Structures are given as structure tokens and as C-alpha cells.
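Structural overview
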Amino acid sequence: MRIIFFLLVLFTTTLVTAQSVKKIHSKAVLVDTHNDVLSSGVLDGIDISKRVKEGHSDLDRWKEGGVDVQFFSVWTGEKARNKEGFFQDAKQEIDSLNILALKNPFRMTLARNYREVKKGIRQGKLVALIGVEGGHMIENDLGKLEELYQQDMRYMTLTWNNSTSWASSAMDETLHADSLKQKGLTDFGKKVVKRMNELGIIVDLSHTGEQTFYDALGVTTKPVLLSHSSVWNICPVFRNVKDDQIKAVAKNGGVICINFYSGFISREYDQLQKLLLGRKDSLQEALISQALPQDEKDRLVMQFNKYYDSAMYASRPALSQLVDHIDYIVKLVGDDYAGIGSDYDGVGSLPVGLEDVTTYPKITEELLRRGYSKKSINKILGGNVLRVMKANFK
Ligand SMILES: [Zn+2]
């Protein structure tokens, strides 16, 4: 009898928790500041208006995950897709989002200012915003910065992994320091930041080197965003931010949105990856001098790749390790400076349980389990980013 009573209490508690997760999560405004589905799927012709098997995101799944506002990343790498260059790439990608919004007027809306963001949320639509990832897209031209603003760009990441002639990236400042020609922001780079402030474009400092990061904070008059970066002290990789940087963002009133990539969440995952990639290099090098038929060499490399994939899959971090990054920022500077910047459709590995955009409620559940108040959860899921948008947008 006692056992039945205990089970009943346990069942009721679980039920209440599940209900409260659902209630708190659906009432909260969830803002994700980074998703790469335009460059990784939509441009290839994948129609995310309907539920798709490929990738992490589509309109149905965003709804299921309780997402209210999604920044769509406009990205092109060091080499432009179009022969006309990066700026043309950016416009093409922006067009692909416009087409998606036009096809789905009752389910999503592209917002250009804070009022439109709030209106879209009230209407229960997915509010889409445009974030351009990489200052190389403006091709050293303030006129093109302004043109992208006219085409609804509302944040710009000053660099991607590649530096521009006016801003150095985290990758170059840390991994290619010897060949780096210029560190931090040049005078032109400072003009870019000032112009972004004037126009109402949020300055995004994810991917920037530390020097660029501090130079930009010295110039900006508005709160900044880190659209997809995690905590260096938990996982010390070049893309994550150090304690002093987190404190500087808090002082500026900005927000750091946690990137979900396994290699930025877990130090062990990152270290194993480096080790195995080193092993792969050694294997390939050894095979060059071996007198084996080419198809046998190919088979050995394929066999290694299979082993690599399964070893990395088995080493994915737990969901709680991702929440540790949020927790770390909250404990260091308070609950006003952390947010969600998944990088869905831009990463090859995610923590267990966070496989696609339907899974955000699990973060809410973990925060509740750790004793976070509803007020704190609302800030972390979206309130903090809304504050930064309001302070920047015209
Ligand atoms: Zn990125």
C-alpha cells in the first residue's frame, strides 16, 4: 500500500513537472539567434514549408519546439558562391527567405523593427529576422552595408572564421597569429560599427577575435549580441568566450547566446575529435608510401571514417552539459545576459536529446529542474535578446 502511495506521489510530481514545463515553455517568447538552414538547405531547393527529413529545421518543427523568433543566418564562406561575389551571395540568400515568407503568410512573417517582432509574436507566427554572418559580405563598402540594411539585415557578425581587411577573426587571432596582417578593428572597422549603430543593425561579436571584440565594445553605443558562442572556461576552444569577455558583455548590456555544437559544449568531445583527426592524417600519410592498390587504400580510409563517425556519435555531450554553459554565465554575471543561439543546420553534432528544433522544451525542463524561476527562464529563452533588439532597432 505504502509503495502504491509512493508511486502515486511520484507519478503526480512527474505529471505536474511535465505540465509546468509545457506551460512555461509555450508562454515564454523563445528567440533563437542563429540558424543556417538557408545556406545548408533552402538554397539547395529543400522546401521547409513542409516537414522534411533532412536537416534540423522546418516550419512544422519550429512550431513544435515553441520557437517564436528565429534569426536566419545569411552565410557564405571564404569563397563566394556567385561569380559576382559575396554581396550577391548575401542578396540571393535573403531572397530565398523572402520567398519562403511569401509562400507562408499565415505561418511566418519577416520583421524589420521591434513593433513588427511583437506583432508577429502576438499573431502566433514564426517571426523571421535576417542576420548576416561575416563582414566580408559588405565588400569593404559602407554603401553595401546600408543596402543590406534596406534588405532587412538586422545583425551582422563582424567576421566569420575568415578575417576581413578591417576586422580579425577568432580563428586567425588564435590559430594563424603569425600570418595575421592586422589585429583588431581598423579605422574603417570602427566606422562600420558606428554606422551599424546609426542604422539599427545589432553588432554581433561571435566569431571575432578578442582584439576585435574589445575594439568593437569600445566603439559601440548599443548593446551587442554574440549570436552563437559558448563558454571558454568549460570548453576552451577558439570560438568560445572567456570570463572577462562575458563580464564585458554584461557591462555593455548585451547578450551571449549559447551555441549547441558538441565541440563547443564539451571539452572531451573536442579533444577526442582532435585526436582522431590526427590519427586520420597519420593513416593517410602512411598509406602514401605503401605499395597497396588504390582501392585498398580507399577501403582503409573509409573504414577509419566509419570508426570516427561512431566514436564521435557515442561521445556527444549530455543536454545538461549545454545547460551548464547557461548556468555558468548566470552565476558569473546574472540572468540578463544569456540566450539561445543553436546554430541548427550549421553544425554536424548536437548534444543527446537536442537533435532538432523540436527539442527546446528540454532546455526549459532542465532549467526548471535546476530551480530556475519562471522569470529567469523567460529572460534566457528570449527576453534578453528582445531587450537587445529593442535597444538597437529603429
Ligand atoms: Zn558561425
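Definitions and limits used
- Once a new chain begins, its residue numbering starts again from 1 and follows that chain's sequence as written.
- For this predicted model, a pLDDT threshold of at least 70 governs which residues receive local features, and a threshold of 80 or more governs which side-chain atom pairs are given and counted, while totals over whole chains, interfaces and linings are taken from all residues.
- Helix and strand assignments follow DSSP, with helices taken as H or I runs no shorter than four residues and strands as E runs no shorter than two, numbered in order from the N terminus.
- Backbone-placed C-beta atoms define the burial measure: a residue is buried with 20 or more other C-beta atoms within 10 Å of its own, exposed with 12 or fewer, and partly exposed in between.
- Once C-beta atoms have been placed from the backbone, residue pairs whose C-beta atoms lie within 7 Å are recorded as contacts.
- The pairing criterion is simple: DSSP has to find at least two bridges between the two strands.
- Take the number of residues in a helix, subtract one, and multiply by 1.5 Å to get its expected span.
- Here the arc refers to the set of directions running from the helix axis out to each C-beta atom.
- Between N-to-C directions, angles cover 0 to 180 degrees, with each direction set by a line fitted to C-alpha atoms, over the stretch in contact for helices.
- Reported orientations rely on four angle classes, namely roughly parallel under 35 degrees, roughly antiparallel over 145, roughly perpendicular from 65 to 115, and oblique for the rest.
- Residues are grouped as follows: Ala, Val, Leu, Ile, Met, Phe, Trp, Tyr, Cys and Pro are nonpolar; Asp, Glu, Lys and Arg are charged; every other residue, Gly included, is polar.
- The sense of a crossing depends on the near helix, which, turned anticlockwise from the far helix by less than a right angle, makes the crossing left-handed and, turned clockwise, makes it right-handed.

On to the overall build of the protein chain, then. When its secondary structure is counted, the protein chain shows 16 helices and nine strands. Here the protein chain holds 394 residues, and the buried ones make up 46% of them. Counted over contacts in the protein chain with a minimum sequence separation of 6, partners at least 24 positions apart contribute 74%.

Buried residues dominate strand E2 (residues 69-75), accounting for seven of its seven residues. Of the two faces of E2, the one carrying Val69, Phe71, Ser73 and Trp75 and the one carrying Gln70, Phe72 and Val74 are both buried. In terms of strand pairing, strand E1 (residues 31-35) meets E2 through three bridges, oriented parallel. For valine 31, the partnering residue across the bridge sits in E2 and is valine 69. For E2 and strand E4 (residues 126-133), the ladder comprises seven bridges, and the chain directions are parallel. Pairing of valine 69 across the sheet is with valine 127, part of E4.

For helix H8 (residues 187-199), which comprises 13 residues, the first-to-last C-alpha distance of 18 Å matches the rise-based estimate of 18 Å (1.5 Å per residue) to within 8%. Of all the residues in H8, the buried ones are Gly189, Val192, Val193 and Met196. Here the buried residues of H8 occupy an arc of 95 degrees about the axis, which is enough to place them on one side. If you follow the buried residues of H8, they end up packed against helix H6 (142-150), strand E5 (153-157), strand E6 (202-204) and helix H9 (210-219).

To continue, consider unusual backbone geometry. Of note in the backbone geometry, asparagine 140 takes a positive phi value of approximately 55 degrees without being a glycine. Relative to the helices and strands, asparagine 140 resides in the loop between E4 and H6. The exposure class of asparagine 140 is partly exposed, given the 13 C-beta atoms found within 10 Å.

A few words on the packing of helix H12 (residues 267-288) against helix H13 (residues 294-314). Two numbers describe how H12 lies on H13: the axes approach to 11 Å, and their chain directions differ by 175 degrees. By the angle class used here, H12 and H13 are roughly antiparallel. The segment H12 lies against H13, with Leu272, Gln273, Leu276, Lys280, Leu283, Gln284 and Leu287 engaging Lys297, Leu300, Val301, Phe304, Tyr308, Ala311 and Met312. Across the contact of H12 with H13, the residue classes tally to ten nonpolar, two polar and two charged.

Where helix H14 (residues 319-333) contacts helix H15 (residues 361-369), the axes come no closer than 10 Å and their chain directions differ by 70 degrees. By the angle between their axes, H14 is roughly perpendicular relative to H15. Between H14 and H15 the crossing geometry is right-handed. For the pair formed by H14 and H15, the contact residues are Leu319, Ser320 and Val323 on the first element and Lys362, Ile363, Glu366 and Leu367 on the second. Considering only residue class, the contact of H14 with H15 consists of four nonpolar, one polar and two charged.

Before going further, it helps to examine the environment of cysteine 235. The residue cysteine 235 is located in the loop between strand E7 (225-226) and helix H10 (243-252) in this model. The exposure class assigned to cysteine 235 is buried, which follows from the 24 C-beta atoms found within 10 Å. Taking C-alpha positions, cysteine 235 is 9.9 Å from serine 262, a pair spaced 27 residues apart along the chain. Aside from chain neighbours lying at most four places away, what touches cysteine 235 is Ser230, Asn240, Phe264, Ile265, Ser266, Arg267 and Asp270.

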